[in-house]
Amino acid sequence: IERTFSIIKPDAVRRNLIGKIIAIFEENGLRPIALKKIHMTRAQAEGFYAVHKERPFFGELVEQMIASPVVVQVLEGENAILKNREIMGATNPANAAEGTIRKLFALSVGENSVHGSDAPETAAEEIRFFFNDDELVG
Ligand code: GTP
Ligand code: MG
């Protein structure tokens, strides 16, 4: 059993897609073991995406992430990290496979509805960034 970190991004929360997205996770064997709705501060968004800070889209990405609330979650299941990436689909919705969350809901490469950790190390780091151990109730 593995854990991964997920964000339902502002574009999806604004369009009332929280329930639909969580249903897709649950239908695919990913159980939310911690979740909360937060409005990220600029410092949180810049810290979370620090790895991208030299990229040309960094400023726009931060603005999009702090524009309105998000839902942060820890998902647990078999191969949760890879499975979540598969369910999310490609970063650019134009390249996302049929049936993926980004194919179904994303508006653009920036407003692409969800974030998911890409490896065990980043999953652990990202979970710690938003949750204390006592909030994980698997
Ligand atoms: P995450 O799960 O969000 O990390 O997506 P990813 O791993 O598929 O993409 P990556 O880590 O390369 O980029 C992080 C986020 O930056 C993406 O989800 C996009 O929202 C955003 N992003 C990436 N490329 C672009 C771009 O060219 N323009 C804009 N505006 N945003 C981008
Ligand atoms: Mg990434």
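From a predicted model like this one, the values you see are computed outputs, not experimental measurements.

### Notes on the side chain of Ser-68
Argument step 1. Residue placement: Ser-68 occurs in the loop between helix H4 (58-66) and strand E3 (70-77).
Argument step 2. In this view, Ser-68 contacts Pro-10, Arg-14 and His-39; residues no more than four positions away in its chain are not counted.

### What to know about the environment of Gly-77
Argument step 1. Residue position: Gly-77 is located in strand E3.
Argument step 2. Judged by relative accessible area, Gly-77 falls into the buried class, the value being 4%.
Argument step 3. Separated by 29 residues in sequence, Gly-77 and Phe-48 place their C-alpha atoms 23 Å apart.
Argument step 4. Excluding residues within four positions of it along the chain, Gly-77 makes contact with Ile-1, Glu-2, Gly-29 and Leu-30.

### Topic: the UniProt feature "active site" (unreviewed entry) in the chain
Argument step 1. Sites flagged by UniProt as "active site" (unreviewed entry) map to His-115.
Argument step 2. For His-115, the position within the fold is in strand E4 (residues 114-116).
Argument step 3. Setting aside its immediate chain neighbours within four residues, His-115 contacts Phe-5, Ser-6, Ile-7, Lys-9, Phe-48, Tyr-49, Asn-84, Met-88, Arg-102 and Glu-126.

### Quick notes on helix H5 (residues 80-88)
Argument step 1. Within the sequence span of H5, burial applies to Ala-80, Ile-81, Asn-84, Ile-87 and Met-88. Relative to the axis of H5, the buried residues are bounded by an arc of 130° and lie together on one face. In this structure, H5 carries Leu-82 and Glu-86 as exposed residues pointing more than 90 degrees from its buried face.
Argument step 2. For H5, the secondary structure elements touched by its buried residues are strand E1 (2-8), helix H2 (18-27), E3, helix H6 (101-105), E4 and helix H7 (120-130).
Argument step 3. Phi turns positive one or two residues past the end of H5, at Gly-89, with a value near 85°.

Criteria and thresholds
Residues numbered from 1 in each chain as written. Chains lettered and ligands numbered in written order. Predicted model: local features only at pLDDT ≥ 70, side-chain atom pairs only at ≥ 80, totals over all residues. Heavy atoms only, no water. Helix = DSSP H or I, 4+ residues; strand = E, 2+ residues; numbered from the N terminus. Contact = heavy atoms within 4.5 Å. Buried < 20%, exposed > 50% of the residue type's maximum accessible area, 1.4 Å probe, protein only. UniProt positions renumbered as here; feature names shortened; annotations may be inferred. Arc of directions from axis to C-beta.

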